[in-house]
Every structure is written in structure tokens, then in C-alpha cells.
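If you want the building blocks of each chain, they are given just below.
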Amino acid sequence: MEKSLRKPGGRTPAHLLRRTVATLGPERTLRARISSRAVIGIGLAVTVCVLVGLPLQACVAGGLVALLALFTVADPTVRGQAGTTALLPLAGFPVLALAAFLHELPLARDAAFLAVVFAGVYARRWGPRGNAVGIFAFMEFFAAQFLRTVPDQLPEIFAAGLLALFAAALTRFVLWPIERGARPQPAIAPIGGRGLSRPTTRQAFQALFACGFALAAGQALSLDRWYWAVGAAWWIFVNTASRGETLVRGFRRVLGTVTGLAAGLLIAVPTDGAVAPTLAVVACCVFGIFYTAPLSYSWMMFFVTLMVGMLYGLLGVLHPGLLGLRLEETAVGALGAALAVALVLPVTTHAATEVWIRRAVHCVHECALDAARRLAGAAEDEGGDGPGPRIAELELLLGRVRLSVAPLVHPLSPLRARKARARQVLALLDDCARQVRGLAEAAADPAASHDARLTAACERVEAAVRRLAAPGGAAPSALAPAAAAARAAVEPSAPGDRALEHLHALEDALHQLATPLHTPPRATV
């Protein structure tokens, strides 16, 4: 049997899949491996549920549990991922049971759902683990509405969930341990604060308002499918931190839903629940969800919408009118989110962006300090691990800056002056990141150590960061000539000196950042 599955050269299909994935380039390879692992993990979970004789609804519930376990758990270490995966049923299964017991009590069910909404968003203050647990708890309540779970079905649903979690964990940590042996990725701490000044607290109240509005309006549209409006409102608040981010995410959700529904009319409706083509399309959708999630929320929603349409066909309830109702419920949820971020404790795009930019600049400062220690001859144990871990943190912070300024650089944004400044900031921060990476290479070169020119240049970079962070910092026109004069006084002409070139470029980029960062948000260019 095993030999029959092997191709010439003794490679199994799994080996060929891994080899094919490895030809895509580093970033695409990682996304493709994670996506392939998700297809395998979810497929294994559903297969196990079918083999033990669980009914169709329980198998669907198990597949959803496996998808959430592989999608939401994002701790920076393998040990942390295992711990979060173990916590998922402790948070989600009681919520599922509550939803099942309140199935025939609409008012109590709605109140409990909104409580889960608030708690799930509030939990994001505890970082990736809190985010994953909150999402899982919400989706368990959502799944109970989607599958119309009643108390008599709970044993089967719980069994499917546990089997799915085991299959997902087996795939993630044993069969295809992508993260094993890799350097742990730094986690970005959430923005702090107390009370209503903490963004996660404000967002919890916003999500509560948005989902309450979506619940009421969704039930006015349909007493059977109202939960889609609540789900749309909830997911729009995931990975957002400001009014602009939420509005853009809502637009992208509606766009992805529209295109996914169009595909559903062309694929899901004609398929009509046929098992083999449905499973094939669902597998492709799972791959698409995981592959596109880091890149495009619209594409991710396209695959989610198409997958849901296929599952509705498998459950025997799909028809074109249901897809149209799905679009209406999604629009209601997006409207609820838009009203919430505009009326309830709003967090402006400028305020959120400024925090992330300053954290990124501070990280550049720390990279410069680490490099200065190494260039001054500090030993590895004195200077820590060098700039490497800081550079990884800087990349994550720059990703967060890009997400934060996305509303300003969106093609439909009418704020032309702010769009121009946002693009300038992104370009300069990207330049800083490039120069810091070059600086890290220079700091790791023993020949570059104990060089007074490099040390002096690092000190000027630190000074530029301090001036940039200070309120009412000096204008770049006054700083740039001074920096150039200082370089001329300390450094002889040294064309081709790569380390000095990186330091000079970093210093200049930091000086140029002063213009967009110290300009009032509503000023013209």
C-alpha cells in the first residue's frame, strides 16, 4: 500500500507537497506551509469525527473547532501555543453549553451573547492568548446558532470538539511542526492604559454597541439568520485599533462577502451539497483563508463566504435567497460597527497611528543602542543578543503602523494631505528598517568594532531619535546641516564604507521624519 503511493525516487505525496511549497520563496513558502497544514489538520479532524460515527452537525462543529485552533492561536513560542490550545475548550465549551440551554429563551440568549461579545474583546488586553481565547468563546456561541445546537446534542458536539482539538494539536506540534526549532517571534504588547484610556476596554464597549445594534437589526431582517449580522460586526473589530481601521475593515468585509456570494451562486448552488465536490471546494477555501489572511481581508472573506455557502449546501438548506440574506446581514453588521466607532468612545486614526509610530521609532533607537554597544567592543553577554531580536520586533511594529495608516492611504480616502504625509512616514520608516538591518550586519563584523567613526555616527542616530521624540522637536532644516557638519568633522572621506553609509542614511531618515510627525494632522501639505 505504502509503495503504491510513492512516486519515482521514493517520495510520498506529502514529500512532493513540501518540496513544491519550498519553491515559492521564503515568505510565500511559510504562508503556503501554514495553509497546507491547516488543510491537513482540519481534514484529519473531520475524518476522525466521521470515523467514530458522529452526525453531520457534530462533524461540521469539529471542523470549525480545528480551524479556529489553527487560525487564532498565535503565541510567539511553541510552548505558549500548546498552552493556549489547551485553554480553548475551557473557555469555549461552557459558552457552547450556555448557548444550547438558552436556545429556546431568546431574550436570555441575546443578553448572554452580548456578554460574551464584551468579554471576548476585553480579553485582548492579555495579548495573543487573550485574543485567541476570546475569539474561540465567541465563535462557540456563534456556532451554536449556526448549527441550532440544543442540550441533547451537547455530548456529540463536545466529543467532536475534543477530537478536533487533538487532531489540530497533533498536526501542529507533531506531524508538521513548522515553528519547532525556529527563533521565537517577539510579541507586540498591547497599548496600555487604565480604565477607558485602555484601547481594549474602549473597543469592548464599541463591540458591545455594534453587536447589539446588529442583533436587533439582524432579527428585524430574519429571526433565523440574525447571528450573521452579529458575527460580521464582531469580526470587523478583530485586529483593529482605531476608527479608520474599523471602517476600512468593514468595507473590505462587505466587498469580500459580495464576491464570495457571487462565487457561491456559481459554485455552491449548482453543487447542491454533493459530498465530494463540496469537500474539495471547502479544502481549497481553507487553504485560501490561511494563505490570504495576512495580505488581504477582502480575499479572506471571499473564501470564508464561499466555504460557508458550501457548508450550507452540505446541511441541505442552501438556496439563492439565503445568500442574499447573508449579504443584508453583513451590511447590517458593518453599519453597526461604523456607528459604534463614530459614537462610542471613538479612537481617532491619528491618535492610534502616533502611538505605533513612536513605538517603532523607539525600537529603532534600541537597535542603534545595541549596535553601538557591539561597535564599541561590548561582549555578547554584555550587549545581549545584538540587534537581531530588536529588528524582528521592528518589523512587527512596522506592520502595525501600516495597518494603522491603511485608512489614510486607502484609494477612497478624501484626505489628500494626510494621505501624502502617511505615505511619507511609511517610506521613511521602511528606510529606517533597511538601514538598521545593514547596521546589524556591520555590528556583527569584528572588523568594524572599535571604530570611532562608527561609534560617533551611532551616537548621532541616538541624538536624532531623542530630538524626534521630544515635543516640538527641531525642524529638519536646522538639524540636517548640523549633522552633515558633524560627520565631516569626525569622518574622513570613505567612499564605499557600507556601515557608515547605513548610519548616515538612518540619521537622515530620522531627521526627515520630523516634518510629517510634527505637522498638525489637519494641515495641508
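Structure's up top.
Please read these numbers as outputs of a predicted model, since none were measured by experiment.

Draft legend 1. Fine view of the packing of helix α11 (residues 243-266) against helix α15 (residues 320-343). At a minimum axis separation of 9 Å, α11 and α15 run at an interaxial angle of 175 degrees. As summarised for this structure, α11 and α15 are arranged roughly antiparallel, according to the angle between their axes. Across from Arg243, Thr246, Leu247, Gly250, Arg253, Val254, Thr257, Val258, Leu261, Gly264 and Leu265 in α11, the residues of α15 making contact are Pro320, Leu323, Arg326, Leu327, Thr330, Ala334, Ala337, Ala338, Val341 and Ala342. Of the residues that constitute the contact of α11 with α15, the class distribution is 13 nonpolar, five polar and three charged.

Draft legend 2. Here's a closer look at the packing of aromatic side chains. Overall, the coordinates contain 21 aromatic pairs when judged by the stated rule. Here the aromatic rings of Phe142 and Tyr227 are separated by 5.4 Å at their centres, their planes lie at 85 degrees, and the arrangement is edge-to-face. Placement of the pair is Phe142 in helix α7 (residues 127-146) and Tyr227 in helix α10 (residues 227-236), with a sequence separation of 85 residues. Linked through ring pairs, Phe113, Phe138, Phe141, Phe142, Phe146, Trp226, Tyr227, Trp228, Trp234 and Tyr312 together constitute an aromatic cluster. Its end group placed over the ring of Trp234, Arg124 keeps NZ or CZ at 5.1 Å from the ring centre. Sitting over the ring of Tyr297, Arg249 keeps its end group 3.7 Å from the ring centre.

Draft legend 3. Focus on helix α4 (residues 56-72). Helix length check: α4 (17 residues) gives 24 Å between terminal C-alpha atoms against 24 Å at 1.5 Å per residue, within 8%. Of all 17 residues making up α4, 13 are buried, and the element is well covered by its neighbours.

Draft legend 4. Fine view of the nonpolar core. In this structure, Phe138, Phe146 and Trp234 are the most contacted members of the largest nonpolar core, which totals 92 residues. Among the elements that take part in this core, helix α14 (residues 297-315) stands out by supplying 12 residues, more than any other. In this structure Trp234 touches Val117, Gly120, Val121, Arg124, Gly134, Ile135, Phe138 and Cys211, once residues within four positions along its chain are discounted.

Draft legend 5. Representation of the environment of Ala214. Assignment of secondary structure puts Ala214 in helix α9 (residues 199-221). Considered as a pair, Ala214 and Ala334 are 120 residues apart in the sequence and their alpha carbons are 8.3 Å apart. Setting aside residues no more than four positions away along its own chain, Ala214 makes contact with Gln219, Ala229, Val230, Ala233, Val332 and Gly333.

Reading the values: the criteria
- Residues numbered from 1 in each chain as written.
- Predicted model: local features only at pLDDT ≥ 70, side-chain atom pairs only at ≥ 80, totals over all residues.
- Heavy atoms only, no water.
- Axes fitted to C-alpha atoms, helices over the stretch in contact; angles between N-to-C directions.
- Helix = DSSP H or I, 4+ residues; strand = E, 2+ residues; numbered from the N terminus.
- Parallel < 35°, antiparallel > 145°, perpendicular 65-115°, else oblique.
- Contact = heavy atoms within 4.5 Å.
- Nonpolar A, V, L, I, M, F, W, Y, C, P; charged D, E, K, R; others polar.
- Phe/Tyr/Trp six-rings, centres within 6.5 Å; stacked < 30°, edge-to-face > 60°.
- Lys NZ or Arg CZ within 6 Å of the ring centre and 35° of its normal.
- Expected span 1.5 Å × (residues − 1).
- Buried < 20%, exposed > 50% of the residue type's maximum accessible area, 1.4 Å probe, protein only.
- Core = buried A, V, L, I, M, F, W, Y, C linked by side-chain atoms within 4.5 Å.

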